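# Chain and residue survey
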Amino acid sequence: FQDVNHMVIFGFGFFLTFLKRYGFSSTGFNLLITVLGVQCSVLIEDLIALLLQKRNEDGLTRITKAAVSMTAVVISTGTVLGKANPVQLILMAVVEIIVFHMSRWINTTFLEIPDSISMMHVHLFGAYFGLAVSSHFSEPSPRTEKNASTPKSDLLSMLGTLFLWVFWPSFNSVLFKNDKSKAVGNTYFALAVSAVTAFTLSLLTTKDGKFRVTDIHSAVLAGGVTVGYAAHSIEYPWIAMILGLLASGITILGSYCLQRCLHPALKIHDTSGVHFTFGLPGVLGALAQVVLLVIKNWTNLQSLGYLVMTYIGAFCLTISVALITGFITGLILNLKLFKTVPVSKYFEDQFYWEVSF
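Residues numbered from 1 in each chain as written. Predicted model: local features only at pLDDT ≥ 70, side-chain atom pairs only at ≥ 80, totals over all residues. Heavy atoms only, no water.

Mapped onto the secondary structure, His232 falls in the loop between α10 (222–227) and α11 (237–266). The class for His232 is buried, based on a relative accessible area of 18%. In this structure His232 touches Ile117, Phe176, Asp179, Lys182 and Ala183, once residues within four positions along its chain are discounted. (Helix = DSSP H or I, 4+ residues; strand = E, 2+ residues; numbered from the N terminus. Buried < 20%, exposed > 50% of the residue type's maximum accessible area, 1.4 Å probe, protein only. Contact = heavy atoms within 4.5 Å.)

What follows is the structure, encoded as structure tokens:
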């Protein structure tokens, strides 16, 4: 629980501090929505247990699951970072945590996906829910420099990345009871290879042969996201290492394609780049899990087709629910009632905080 709590509060809090004038809001609002969302998540779990007449888990397990669930909300926050006000963020957090629990309940009840696997959909759900919400927020002017970073803000953001990197093996193994050590080892190897790949590709893709902070900031975590689905079942570390290599490559190369082609065409402004940091590696991890499932159960063809369809169904259901509910949530957040932030006030701490210079 401590490791997961450090990740969500400290890791993600500093991970989002790359904007030069939005540091107070990035860390402060992250704390606010996280502690509020954890309470909502525990209440929802209790309500589900009451309605289904299930036995409640112990308190620490419930809080840990709630903290893991909040990762989806924190990831979604990154897409509208600097553009949504605190009221909008709180409403988005409450709606998203409710819908995420509904999605997990469908996956575990009807598709019979293990609870620990369905929880790993937090990356997919958070990324695509956030992208759908951000499609309703105005894009900042390309001439503004307020959404730029400084060496100091990049350093603080890199500190958050390091904390996430260190604690990610705990995140991927926290819900597994029997294969915890295997999940930790596979996650570490995937993270290690993704870090090496990130530095290599960053060096090769720059004109002056220097490392790019934005590449390292996002790509070193990609291996942990991808391997999360199958970390407990991978028998050989080299498989996890290959997944880390592919995840880091997709993150860096995907950032170029998405930022230049897809996002402008769809009129989506992804402030923190969560699509290629969490979304694409999450898709890769879900597909890799299906491939590994086919390889492992190749001799049992009778049940193989059913297993593949249920896991693919859970993957598609998660993305579909995230996109549909995120789009609706974005419409609600832009009602006049919630006083949408004007574009001229984007990425400004002074709009919410007492700031002395």
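What follows continues from the structure just given.
This next bit is on the packing of helix α4 (residues 86–109) against helix α13 (residues 301–333). Where α4 contacts α13, the two axes come as close as 10 Å, and the packing angle between them is 155 degrees. Between α4 and α13, the angle is such that the two are roughly antiparallel. Here α4 runs over α13; the crossing is right-handed. Here α4 contributes Gln88, Leu91, Met92, Val95, Val99, Ser103, Ile106 and Asn107 to the contact with α13, which in turn contributes Ala314, Leu317, Thr318, Val321, Thr325, Thr329, Ile332 and Leu333. Here the contact of α4 with α13 is built from residues that sort into 10 nonpolar, six polar and no charged. (Axes fitted to C-alpha atoms, helices over the stretch in contact; angles between N-to-C directions. Parallel < 35°, antiparallel > 145°, perpendicular 65-115°, else oblique. Left-handed = near helix turned anticlockwise from the far one by under 90°. Nonpolar A, V, L, I, M, F, W, Y, C, P; charged D, E, K, R; others polar.)

A positive phi is found at Lys339, a non-glycine position, where the angle reads about 50 degrees. Mapped onto the elements, Lys339 comes out in the segment after α13. A positive phi is found at Phe347, a non-glycine position, where the angle reads about 60 degrees.

Another aspect to go through is the environment of Val95. Looking at where Val95 falls in the secondary structure, it is placed in helix α4. By relative accessible area, which is 26% here, Val95 ends up partly exposed. As for Val95 and Val73, which are separated by 22 residues in sequence, their C-alpha atoms are 9.5 Å apart.

The next subject is the packing of aromatic side chains. Evaluation of the coordinates by the stated rule reveals 19 aromatic pairs. Relative to Tyr352, the ring of Phe29 has its centre 5.5 Å away and its plane inclined at 80 degrees; by these criteria the two rings are edge-to-face. Here Phe29 is found in helix α2 (residues 23–51), whereas its partner Tyr352 is found in the segment after α13, with 323 residues between them in sequence. By relative accessible area, Phe29 is classed as buried at 10%. Residue Tyr352 is classed as partly exposed on the basis of its relative accessible area of 24%. Seen in terms of ring centroids, Phe351 and Tyr352 are 5.2 Å apart; in terms of plane orientation they differ by 80 degrees. Their pairing is edge-to-face. In this structure Phe351 comes out as partly exposed when scored by relative accessible area, which is 39%. Following the ring pairs from residue to residue traces out a cluster consisting of Phe24, Phe29, Phe351, Tyr352 and Trp353. (Phe/Tyr/Trp six-rings, centres within 6.5 Å; stacked < 30°, edge-to-face > 60°.)

Nothing here speaks to function; it is geometry throughout.
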